[in-house]
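The chain contents come next:
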Amino acid sequence: QKLVISNDDRILISCSSDGSIKFWDLVNKEKIATIDEAHTCIALNFNNSVAGIKSLTLSTTNKYFASGGQDGMIKIWNTNNRKKVLEFENAHSSI
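All of the points below concern the structure found in this document. (Residues numbered from 1 in each chain as written. Predicted model: local features only at pLDDT ≥ 70, side-chain atom pairs only at ≥ 80, totals over all residues. Heavy atoms only, no water.)

Points about the environment of A33
Move 1: Structurally, A33 can be placed in strand β4 (residues 30-35).
Move 2: Since its relative accessible area comes to 13%, A33 is described here as buried.
Move 3: Taking the C-alpha atoms as reference, A33 lies 8.4 Å from I21; in sequence the two are 12 residues apart.
Move 4: Residues contacting A33, with those up to four places away along its chain left out, are I21, K22, F23 and R82. (Helix = DSSP H or I, 4+ residues; strand = E, 2+ residues; numbered from the N terminus. Buried < 20%, exposed > 50% of the residue type's maximum accessible area, 1.4 Å probe, protein only. Contact = heavy atoms within 4.5 Å.)

See the structure below:
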């Protein structure tokens, strides 16, 4: 899952293969923030294709969201200030 919508339908969080996470205001229809390089991109093959974030989920309270990456990391973030609060290294070879 690479898109999540907050329970109040106001915020969309998206992630991409470049390792970034973006926050979108659904009411005003604009991007409100970006976390660049939230996960390290991993080269998948000799054609330079890369994988960054593989999964994204939001807590039921909208207070935290979690991201899992091709880098094997699971990271927990504060939704309001977009700061990382916890991370698990080598959680899996690919989340």
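So that's the structure; there's more coming.
Quick look at the sheet that holds β4
Move 1: Reading across from one edge, β1-β2-β3-β4 is the order of the four strands in this open sheet, with antiparallel pairing throughout. With one partner strand each, in any of the chains shown, β1 (3-5) and β4 form the two edges of the open sheet. For this sheet the average axis-to-axis angle between neighbouring strands, irrespective of direction, equals 20°.
Move 2: Sheet analysis places β1 next to strand β2 (residues 11-15), joined by three bridges and oriented antiparallel. Opposite I5, over in β2, you have L12 as the bridge partner. (Pairing = 2+ DSSP bridges. Axes fitted to C-alpha atoms, helices over the stretch in contact; angles between N-to-C directions.)

Remarks on the side chain of N78
Move 1: As for its placement among the helices and strands, N78 is situated in strand β9 (residues 74-78).
Move 2: The class of N78 is buried, set by a relative accessible area of 15%.
Move 3: What N78 contacts, discounting residues up to four positions off in sequence, is K63, Y64, F65, K83 and V85.

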